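Examining the three-dimensional arrangement
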Amino acid sequence: MSETKTTEDYGRFSFLEENRNVTRNFVNQLKRSFQERDLGERYPIIVDSSFRIFDGQNRFTARKELGLPIFYEIDDSLTIADIGRISANVKKWFPSDWLKYHLVQNENSAYRIYSGFRKRWNLSHTVALIMFNNGDYTRGMFEDFKSGKLAVRDINRSNRYAKVVNDIRDHMAFKPTKPWYSAMIYLADLDDYDHDRMVKKLGKYASRMRPCTKWQDCVRELEGVYNWRTSAYVRFI
């Protein structure tokens, strides 16, 4: 095992052109993580004796921008061909991993409620988190989820979203994509939307709907079914 060393001389390090580009969003995540608790010494970057970074360029960038010391290990046995192998051997944590972690920690009851909600309605993590976030999709909701800051804002509203989504999804001839989920959540918040009417119309005319890539177009598809063969036309958008 190589000795872990430390320095604040950022200028001695260099990046390898063959390595992946530094990812700004990931660097920002790392900076927030280091500010909450600095575990940098446990995860040193790997360099050769020329201080070329083989692993850890995002960690290096985050620590440099924060003015934190760089923890590193020197390994001259690595070659350029090893860069991809190093990256491939690091498994990314997925939402299900973070959920399990916070359920075991049991420090925030929102994760238990979220887990039950998601299982009840058979939702992906992305869709379930949007519903927990009052229908808004933001990058921050994923960061809060990972960092233990998940909050139950309005569970009744979340359940309303989920019922509308499940009822409509069950009638669709194709798998809904994110724009479709956005459209369905949008309908659930409309004052003049009658869900019972929508379900009845879908039972007869759901086959009229076509796939779309923009949530506004998905709303129009749903609007068409909702108003098919009726004189009481209601515009959703």
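Located above this text is the structure these notes cover.
Here the structure is a predicted model, which is why all the values come from computation and not from measurement.

Scoring rules and cut-offs
Residues numbered from 1 in each chain as written. Predicted model: local features only at pLDDT ≥ 70, side-chain atom pairs only at ≥ 80, totals over all residues. Heavy atoms only, no water. Axes fitted to C-alpha atoms, helices over the stretch in contact; angles between N-to-C directions. Helix = DSSP H or I, 4+ residues; strand = E, 2+ residues; numbered from the N terminus. Parallel < 35°, antiparallel > 145°, perpendicular 65-115°, else oblique. Left-handed = near helix turned anticlockwise from the far one by under 90°. Contact = heavy atoms within 4.5 Å. Nonpolar A, V, L, I, M, F, W, Y, C, P; charged D, E, K, R; others polar. Pairing = 2+ DSSP bridges. Buried < 20%, exposed > 50% of the residue type's maximum accessible area, 1.4 Å probe, protein only. Phe/Tyr/Trp six-rings, centres within 6.5 Å; stacked < 30°, edge-to-face > 60°. Lys NZ or Arg CZ within 6 Å of the ring centre and 35° of its normal.

**Some words on the packing of helix α5 (residues 110-121) against helix α6 (residues 125-132)**
Helix packing geometry: the angle between the two helix axes and the distance between the axes. Packing of α5 against α6 brings their axes to within 11 Å, and their N-to-C directions diverge by 120°. The angle between α5 and α6 falls in the class oblique. Considering how the two elements wind past one another, α5 and α6 form a crossing that is right-handed. Mapping the contact onto sequence places A110, I113, Y114, F117 and R118 in α5 and H125, A128, L129, M131 and F132 in α6. When the residues that make up the contact of α5 with α6 are grouped by side-chain class, the tally is 8 nonpolar, 1 polar and 1 charged.

**Things to note about the sheet that holds strand β4 (residues 52-55)**
Across the sheet, which stays open at both edges, the 5 strands sit in the order β1-β5-β3-β4-β2 with mixed pairing between neighbours. Two strands close off the open sheet at either side, each with one partner strand: β1 (5-7) and β2 (14-15). Alignment of strand β3 (residues 45-47) against strand β5 (residues 70-74), held across 3 bridges, turns out to be parallel. Note on β5: the bridge partner recorded for I45 is Y72.

**Some points on the pairing of β5**
Where burial is concerned, most of β5 is hidden: 4 out of the 5 residues are buried. Judged from the 3 bridges that link them, β1 and β5 form a sheet pairing that is antiparallel. Opposite T6, over in β5, you have F71 as the bridge partner.

**Some points on the packing of aromatic side chains**
By the definition in use, this model includes 20 aromatic pairs. Taken together, a centroid distance of 5.2 Å and an interplanar angle of 55° make the contact between F13 and F60 tilted. Of this pair, F13 sits in the loop between β1 and β2 while F60 sits in helix α2 (residues 57-66), and the two are 47 residues apart along the sequence. What makes F60 buried here is its relative accessible area of 5%. Taken together, Y10, F13, F15, F51, F60 and Y72 form an aromatic cluster joined through their ring pairs. The residue whose ring lies beneath R12 is F51, and the NZ or CZ to ring-centre distance is 4.8 Å. The ring of W228 has R208 lying over it, and the distance from NZ or CZ to the ring centre is 3.4 Å.

**Here's the deal with the environment of N89**
By the element assignment, N89 lies in the loop between α3 (82-88) and α4 (95-105). Judged by its relative accessible area of 66%, N89 falls in the exposed class. Residues N89 and A188, 99 residues apart in the sequence, show an inter-C-alpha distance of 43 Å.

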